[in-house]
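Summary of structural features
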Amino acid sequence: MKSNPYPSPISVSSLQGHNGSLSSVDIYDANTGNYTAYNGGIPSDEIPMGQGFYANGIGAGLIDFLESDKIAGNTSLSR
């Protein structure tokens, strides 16, 4: 299990774009206690800050997070 390391939302498609072995991402839903596949049900391309998720695929334990994964407009600590 991984979690979003940034104090802003990150893009799933950006994360998958530079982590070629990442076949899918499953986002944890605390309301139901279940995981929902991004590719099959998550309504947006966004992983909220601190959100837990499973990274699936060969080498999924070695995920590279880049500053460019942050969603534009949500990269500041101030609100």
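Structure report, in brief. (Residues numbered from 1 in each chain as written. Predicted model: local features only at pLDDT ≥ 70, side-chain atom pairs only at ≥ 80, totals over all residues. Heavy atoms only, no water.)

The helix and strand tally for the chain stands at 1 helix and 6 strands. Scanning the chain from its N terminus toward the C terminus, one meets helices and strands in the order β-β-α-β-β-β-β. Per-residue burial over the chain gives 33% buried out of 79 residues. As displayed, the chain has an accessible area near 4,600 Å², and 51% of this comes from carbon and sulfur atoms. (Helix = DSSP H or I, 4+ residues; strand = E, 2+ residues; numbered from the N terminus. Buried < 20%, exposed > 50% of the residue type's maximum accessible area, 1.4 Å probe, protein only. Areas by Shrake-Rupley, 256 points an atom, 1.4 Å probe, with all protein chains shown as cover.)

So, on to the packing of aromatic side chains. In total, this model carries 2 aromatic pairs according to the counting rule given. Their ring planes at 55 degrees and their centres at 4.7 Å tell us that Tyr35 and Tyr54 sit as a pair that is tilted. Taken together, the positions of Tyr35 in strand β4 (residues 34–37) and Tyr54 in strand β6 (residues 52–56) put the pair 19 residues apart, joining distant regions of the chain. Given the relative accessible area of 37%, Tyr54 is considered partly exposed. With 6.4 Å between their ring centres and 75 degrees between their planes, Phe53 and Phe65 make a pair best called edge-to-face. Within this pair, whereas Phe53 is found in strand β6, its partner Phe65 is found in the segment after β6, the two being separated by 12 residues in sequence. (Phe/Tyr/Trp six-rings, centres within 6.5 Å; stacked < 30°, edge-to-face > 60°.)

The next thing to look at is the sheet that holds β6. Taken in spatial order, the 4 strands of this open sheet run β1-β6-β3-β4, and their pairing is antiparallel. Either end of the sheet is taken by a strand with one partner, and the two such strands are β1 (2–3) and β4. Examined bridge by bridge, strand β3 (residues 24–29) and β4 share 4 bridges and lie antiparallel to one another. Pairing of Asp29 across the sheet is with Asn34, part of β4. (Pairing = 2+ DSSP bridges.)

Note that Gln51 resides in the loop between β5 (46–47) and β6. Residues Gln51 and Ala30, 21 residues apart in the sequence, show an inter-C-alpha distance of 9.8 Å. Every residue in contact with Gln51, bar those within four places of it in the chain, is listed here: Lys2, Ser3, Asn4, Ile27 and Tyr28. (Contact = heavy atoms within 4.5 Å.)

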